[in-house]
Amino acid sequence: MRGEAGIGKSVLLQYAVEHGRGMRVLTARGVETELELPFAGLSELLCPVLDRLEHIPQPQAAALRAALALASPTGADHFATMAGTLSLIAAVADEQPVIVAVDDAHWLDRESIDSLLFVARRLRAERVALLLTVRNEESTIFDGRGLPDLVLTGLGTEEAAQLLDPDRKRSMTEEILRHLVAETSGNPLALIELSQQLSHAQLAGVAPLADPLRLGAGPVTAFRRRLANLQPDTRRALLLAASSDTGALREIEPGLDVLGLSAADLEPAESAGLVRIDAGELHWRHPLLRSAAYHGASPAERRSAHRALAKTMDAGDGQRRAWHLGASASGPDDTVATALEDAARSALARMSYTAAARGFERGAELSVRTSTRARRLLAAADAFWRGGNVDAARSLCLKSLGMDASLRSEGQRLLARIEMSDGAPLQAHNRLVQEAERLSARDPGRATMLAEAAWAAIIAADITSAVRTAGRAVELVDHGRSVQPFALCTLGVSLMLGGDRRAGRKLIARSRRIPHSSPTPESDDRRGYLAAAAYWLEDHDEARRLLEPLIEEARHASSLAVLSGALDTLGALNFRIGRWASAYAHSAESLHLAEDTGQTMQLASSHTTLARIEAGQGNETACRAHTASALDLADYSGAGLMRLWARAALGLLELSLGNLKEAVAQLEWVSDDATARGLQDPAAVPIAADLIEAYVRVGRGGDAKTVLNGLEARAEAARSEWGLATAARCRGLLAADDEFQPHFLEALRRHRMADMPFERARTELLFGGRLRRRRRRREARIHLRSALATFVQLGAAKYAETARHELAATGEKLAPESNSRQVLTPQELQVALTVAHGATNREAADRLFLSPRTIDFHLGNIYRKLRLRSRTQLVGLFLTPQSSEGIHPHQLRGPS
C-alpha cells in the first residue's frame, strides 16, 4: 500500500489485522532509527514463531538463528536467511492462515527487506497474506519489483465530512469543509490536525481563517507545533524515547534517569494523545510524531539522548550500544570508532552487508589516524559492494585511495571488482594489470591480480588480452600456491576460446588435478569455471560430474548465488545434449535466483540461455523478450560474451522462422564481432553453421564457402566433433546434386560421437530435403522421420513443422498434430522434474526454495495439464530415455 504520510496506510493495515479472524498475525514496523540494525525488522516479525524453526531445513534454520543473533555465525550464504524466512512463514501457514503485516516498510533495514521480497515473489498456494506499507515520497528497494500496488489518494469532500464529523454534531460549514480538503489535498491526518487547530467560530465560518492556513509542510509541521507546546522536560523525554529503537520502558527509563528525568515527564505527552504507554512499551500515535520529536531537536540534544542510551545499555548488546555511541560522537573518537568497527565485523559475520558498511563508514569518520580511517573506508566499500550498493562502494573506495600506500593494491582490486560488476570489465582489466606490474615480482598477489584481470577480459570477450594476461599470471605463479589452480584454469579457458584447444585442455586438466578445499567460495568459483570449460570442450560427462554435486551442495547450503550460475551452465549443457525440459527449467530457476541475488552478469547469461532454448523451440515472443533483456544487461555491464550469445540466439530464431535476411544480418554481426575479439573456438559462439545455412538459402554460395572454410579449419584445430559434424553438413548443403551424400553421411557419423540431438536432427532434415528433391523419396523418408521424431521429442516446434512439410512432400500420410495439451510453466517443469527424480513434496520444496503447499499446487496443475494420475506416470513421462523427457513441443515451451 503506497501513499503519502498521513494518508491512512497504517489504519488500513490495522483494519486488515483486526479482521484476520482465525489467522496467525505476524507484524513488524520499520523504524527510522533502526535502519542500521541488521535484521531488526525480521527479528520483530519472526520472534513469535521461532519455536517452529525445527520444522524447516537445518541450514536455513541455522542461518536464521545466526542472522537474528540467536546463535553464532555459520558462515552460510546470506541468501540462506531469505530462504529460511520463506520456509518458516510457510511452516506456520501449514497450521493456520497467516497475515504478515509490515508498516513503514521503507524504514526497514536492507536485510529484512531482501528477505520479504524473496518471500513475496514466491507466495503461490500458501495461506499467507503479505501486506506492506510504504510512503510515496520515499524511494525504496520495493520499487519496480512487480509487487501488486494499492495506491492511496486523498479523501473527497463527502468522505472528509464523515471523518471529521461522523455524527454531524460539529457546526462545520460546507464551504469550510471544501476549503480544508483543498488545503490538505484530502490527507486524513492533515485534515484532523488542521481542523483541531480551528475554533468553533472558524469551523462555522463566523471567524476568518488564516491565509494561508498554518499547516506548513504538512502533518510533520503540525506535530512539531504540538510538541512545541509541551514543557521542555517532556520534549527531552520524548526525544530520548524517539532515539530508542525498541520503545521498551526498561531501556528508556534508565536513559531518562541519566538525563535527570523520569517516566513522569512522559505523562503530559500521553495525556495529549501523542504517545500511549501499554505493557511496558511506548507507542507513538503516528511515526511522523516520532520523526518530529527526533529531528525537531538540536544536534547537541540528539547526541545527548544517544549518549544516555549507550551509557545504560546492556554490555551484551554491543552492536546497538555501538550505534548509539556513534550517534553521540561530535568528533574523532578512537574508542567509539573501535566499538563501531567491532559491531560492523559482527554484522559482516552474519552476512549483514549494509549494516556492516554503515558501521565501518561511521567508524572511519570518527577515526583519529589517517591509516585507520583508510582501512575502515575500504572495509565499508567492500561491504557495500557485497551488499549490491555499487555507487556507495565506488565512492568510498576512491576516497580511501591515496590515504595509505600499504592499502593501495587492496583498494585497486576492489575498485576493479566494482567496475566488473557495474559495466566496465575492460577498465577493470587495465586497472588490475597496471597495479600488478607495480608490485614486486615476489608478491603472490601479483599473479592473483593478473588472473582476475584475464577473467575480466573474458567477460568483455577480449580474448587476445585474456590470453596475454593469463599467460603472464601463470609465469609468475610459484608452484604450490593456492592461486595456481585459478591462474591455470583461466589461461586454459582463454587459450581454448582463442582456438587453441589442445593447449587449453592440458592446462585445464592440470588445474583439475590440484586439490581444493570444498566447499569454499574460491573452490566453488573454480568448479564453476572448470564446468564451463568442460562444456565448451564438449566434454559433457565431465561438465555434469562437476555441476551436479556443486548444485546439490549449493541447494543444501541455500547458496543461491553459486546455485544460479551452476544451474545456468547445466541448462546450457542439457539444451545441447537434448534434455530441453530440464534445460528450460534449470535456466528459468537460474534467472529467478539471479534476480533475487542481484547478479547482473549472471542475469544476462540466464536470459541468453533461455533465449537459445526458445529459438530452438521457435517460441518467438519469449525469445525476443529474453534477448532484449540480455542485450540491455550486456550493454550495461560491458559483457561482450553475453552480447554475442544473445544475438546468436536471435540469429537462430530468425533462421527457424524463415526470416533469412534478418538471420543473415544478426549472424554476420556475431561472426564479425567474435573474429575481431579473437574468439576462435567454434563451440564458444556456435553460429558458423547457422550463417552458412542462411547464406545458402538466400543464394550467397560464395560467402557460404568462405565461412565454411574457416569453420573447417577452426574445428580441425580444436578437434571439435560438433564443429566437424556441422561443417560436413554445410559441405553437403553446398555440394552438387551428385556429390552431397558422402558429406551428409560423414556429418551423421560425427553427430553420433558429439551427442547433440538437435544438431543431428537438423542434419537429417537437410539431408532428407536434398534426397527428396533428387526424387529419392524412400531414402528421404528415413531421415525425415528420424528428424521429425527428434524435433517432437525436443519441443522444436518450428523445425518439426518443416519436417512434416518435407515428409508430406514425399507422399507420407501424417496424422494431424494435436495442439490440445496445455503448456507447463518453467516452475511447473522444475517441480515435475524434481518429483520425477524421486523427491517427496517436502524434499522438492526444500530443493526449490518453495513451500510444500506450493509444490502440491504445482503438481495439481501438472497432473491436470498432462492428464496424469500418479507419480509413476510422471516418472515415465519425464524420465523414459526414448522420450527425451517425454515432453510434447507445446508442453515444453515456456510462457510467452
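Criteria and thresholds
- Residues numbered from 1 in each chain as written.
- Predicted model: local features only at pLDDT ≥ 70, side-chain atom pairs only at ≥ 80, totals over all residues.
- Heavy atoms only, no water.
- Pairing = 2+ DSSP bridges.
- Helix = DSSP H or I, 4+ residues; strand = E, 2+ residues; numbered from the N terminus.
- Axes fitted to C-alpha atoms, helices over the stretch in contact; angles between N-to-C directions.
- Contact = heavy atoms within 4.5 Å.
- Core = buried A, V, L, I, M, F, W, Y, C linked by side-chain atoms within 4.5 Å.
- Buried < 20%, exposed > 50% of the residue type's maximum accessible area, 1.4 Å probe, protein only.
- Expected span 1.5 Å × (residues − 1).
- Arc of directions from axis to C-beta.
- Parallel < 35°, antiparallel > 145°, perpendicular 65-115°, else oblique.
- Left-handed = near helix turned anticlockwise from the far one by under 90°.
- Nonpolar A, V, L, I, M, F, W, Y, C, P; charged D, E, K, R; others polar.
- Patch = residues over 30% accessible without salt bridge, like charges linked within 9 Å, V, L, I, M, F, W, Y side chains within 5 Å.
- Areas by Shrake-Rupley, 256 points an atom, 1.4 Å probe, with all protein chains shown as cover.
- Salt bridge = Lys/Arg side-chain N within 4 Å of Asp/Glu carboxyl O.
- Lys, Arg positive; Asp, Glu negative; His and termini not counted.
- Charge placed at Lys NZ, Arg CZ, Asp CG, Glu CD.

### Focus on the sheet that holds strand β2 (residues 24-29)
- The strand order across the open sheet built from three strands is β2-β3-β4, with neighbouring strands paired in parallel fashion. The strands lining the two open edges of the sheet, one partner per strand, are β2 and β4 (128-132). Sheet twist, expressed as the average angle between the axes of neighbouring strands with direction ignored, equals 10 degrees.
- Pairing of strand β3 (residues 98-103) with β4 involves five bridges; the strand directions are parallel.

### Regarding the environment of A393
- Residue placement: A393 occurs in helix α20 (residues 390-400).
- Along the backbone, A393 and I418 are 25 residues apart, and their C-alpha atoms lie at a distance of 7.5 Å.
- Those residues in contact with A393, other than ones at most four positions away along the chain, are A381, F384, W385 and I418.

### What to know about the nonpolar core
- Ranked by size, the top nonpolar core spans 185 residues in total, and within it F791, L874 and F878 carry the most contacts.
- Of all hydrophobic cores here, the second largest spans 30 residues; its members include A237, L239, A292 and A308.

### What about the environment of S406?
- Residue placement: S406 occurs in the loop between α20 and α21 (408-421).
- Separated by 31 residues in sequence, S406 and R375 have C-alpha atoms that sit 9.7 Å apart.

### Concerning helix α36 (residues 701-718)
- If you check α36, its first and last C-alpha atoms are 25 Å apart, about what 18 residues at 1.5 Å a residue would give, namely 26 Å.
- A704, V707, L708, L711, A715 and A718 are the residues of α36 that are buried. The buried residues of α36 occupy an angular sector of 110 degrees when the element is viewed end-on, so they sit on one face. The outward face of α36, more than 90 degrees from its buried face, is lined by the exposed residues G702, T706 and E716.
- Buried residues along α36 sit against α26 (501-513), α35 (688-697) and α37 (721-734).
- Of the residues one or two after α36, R719 is the one with positive phi, at around 55 degrees.

### As for the packing of helix α4 (residues 79-95) against helix α5 (residues 110-120)
- Remark: α4 packs on α5, axes separated minimally by 8 Å, with the N-to-C direction vectors making an angle of 55 degrees. When the axis of α4 is compared with that of α5, the two are oblique. Here α4 and α5 pass one another in a crossing that is right-handed. Contacts between α4 and α5 involve T81, M82, A83, T85, L86 and I89 from the former and D114, S115, F118 and V119 from the latter.
- Counted by class, the contact of α4 with α5 contains six nonpolar, three polar and one charged residues.

### Observations concerning a positive patch on the surface
- Together, R502, R505, K506 and R719 give the surface a local cluster of positive charge.
- Relative to the helices and strands, R719 resides in the loop between α36 and α37.

### Describing the packing of helix α6 (residues 157-164) against helix α7 (residues 174-184)
- One way to put it is that α6 packs onto α7 with a least axis distance of 10 Å and a crossing angle of 100 degrees. As the angle between them shows, α6 and α7 are arranged roughly perpendicular. Along its contact with α6, which presents T157, A160, A161 and L164, the element α7 presents E174, L177, R178, L180 and V181.
- The class makeup of the residues in the contact of α6 with α7 is six nonpolar, one polar and two charged.

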